[in-house]
Amino acid sequence: AGEGSESVAGDGAGPPAPERVLFPPTFSVSEIKNKQRRHFMFLRWKQQQRKEKLALKKKRKKEREALGDKAPPKAVPKTIENQRVYDETTVDPNDEEVAFDEATDEFAPYFNRQTVPKILITTSDRPRGRTVRFCEQLATVIPNSHVFYRRGLALKRIIPQCIARDFTDLIVINEDRKIPNGLVLSHLPDGPTAHFRMSSVRLRKEIKRKGKEPTEHVPEVILNNFTTRLGHSIGRMFAALFPHDPQFIGRQVATFHNQRDYIFFRFHRYIFKSEKKVGIQELGPRFTLKLRSLQKGTFDSKFGEYEWIHKRREMDTSRRKFHL
């Protein structure tokens, strides 16, 4: 203790400089037996890694500035998306076969402006409050949509009634333990029908810095990364929910963004700050979809013919393989 007191009271040159953490080359945090000490050392090791990474980044930036125009091009970081396994069904916009299929598929009357979307939104039997509020908010996003609650009525009986009343699409929101967990989208009168798993549902009141309630203007629709034939069909299903001519004066946009076969839905409003600057303000709701199956025709769980079914053990063999 005496030696320690002498070293502290040596020369009054102020507090000592913080010691730099030096870990041996063969250092392994897992070798530390004490749990609290192991956690503390792990945090210090991560902090040192971040400092070294930041120093290297600053060094490279200075080198690029010194070289100027002679600096080599920046390396493209490797991601799961840009290392994606090639899919034979990737759509070529100039493919005559794809153009013929689009001109003759079930959505052709919509894209040829022969039909106007009219949507029925319903739920599973006896929906709880959260599912009811989600359906009501979804109806404010999709123009010309109507919410009706099922009371023990089977979908096979609902579909003929929808067709008789000129509905073009049927959306069914399923729930589990009071939380929306599934979405069935059936295009009428001849299908197809898609079944999605739903997750990460956020209502308007749960979104931070949300904007005011959406207006009745027809929103713009953005579809991102639906590149395969299957993805193209799913994108056309989503597009057919909205009227053809968006009212840009409303500054509202509905986005379906596909990333790694997860479809993220966001509803925003543009905020024009000046002639050159524009921001976006989320209106909600938001949710995430994962395609489980695509069925020909309208909903038929027993005798329906399926175009595509997600089989996890057979299809999810590689993290770089995507189907949409």
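Residues numbered from 1 in each chain as written. Predicted model: local features only at pLDDT ≥ 70, side-chain atom pairs only at ≥ 80, totals over all residues. Heavy atoms only, no water.

By the naming in an unreviewed UniProt entry, the chain is Ribosome production factor 1, taken from Loxia curvirostra. The heading Function (unreviewed entry) in the UniProt record of the chain holds the text "May be required for ribosome biogenesis." (UniProt positions renumbered as here; feature names shortened; annotations may be inferred.)

Colleague: Can you explain the pattern of salt bridges? Please cite residues and give values.
Modeller: The full count for this structure, using the stated rule, is 11 salt bridges. Residue Arg113 is joined to Asp245 by a salt bridge in which the shortest nitrogen-to-oxygen separation is 3.1 Å. In this pair, Arg113 sits in the loop between helix H4 (108-111) and strand E1 (119-123) while Asp245 sits in the loop between helix H7 (229-239) and strand E7 (252-259), placing the two residues 132 residues apart along the sequence. Among the ionic pairs, Glu282 bridges to Arg286, the shortest N-O distance being 2.7 Å. Note on Glu282: relative accessible area 11%, which makes it buried. Taking the relative accessible area as the measure of exposure, Arg286 reaches 24% and is therefore partly exposed. What you see here is one network of salt bridges that share partners, running through Glu102, Asp105 and Arg236. (Salt bridge = Lys/Arg side-chain N within 4 Å of Asp/Glu carboxyl O. Helix = DSSP H or I, 4+ residues; strand = E, 2+ residues; numbered from the N terminus. Buried < 20%, exposed > 50% of the residue type's maximum accessible area, 1.4 Å probe, protein only.)

Colleague: Describe the UniProt feature "domain: Brix" (unreviewed entry) in the chain, and please don't skip the residues or the numbers.
Modeller: Mapped onto the present numbering, the UniProt feature "domain: Brix" (unreviewed entry) falls at residues 117-300. In the segment residues 117-300, helix accounts for 18% and strand for 40%; the C-alpha atoms at its two ends are 22 Å apart.

Colleague: With reference to specific residues and values, describe the pairing of strand E8 (residues 262-272).
Modeller: Inspection of the sheet shows E7 paired to E8 by eight bridges, in the antiparallel sense. Bridge pairing links Thr255 to Arg266 in E8. In textbook terms, the turn of a hairpin is the stretch between consecutive antiparallel strands, and for E7 and E8 this stretch comprises two residues, one of which, Arg260, has a positive phi near 55°. Bridging between E8 and strand E10 (residues 286-295) involves four bridges; their strand directions are antiparallel. The partner of Ile263 across the bridge, within E10, is Leu289. Of the strand pairs in this sheet, E8 and strand E9 (residues 278-282) are connected by five bridges, and their pairing is antiparallel. Bridge pairing links Tyr270 to Ile280 in E9. The antiparallel pairing of E8 with E9 creates a hairpin that spans five residues between the two strands. (Pairing = 2+ DSSP bridges.)

Colleague: Please set out the side chain of Lys290 residue by residue, giving values where relevant.
Modeller: Along the chain, Lys290 falls in strand E10. The buried charged residue Lys290 lacks any salt bridge partner; its closest oppositely charged side chain belongs to Asp261, at an N-O distance of 4.8 Å. Beyond its immediate chain neighbours, meaning those up to four positions away, Lys290 contacts His195, Phe196, Arg197, Arg260, Asp261, Tyr262 and His310. (Lys, Arg positive; Asp, Glu negative; His and termini not counted. Contact = heavy atoms within 4.5 Å.)

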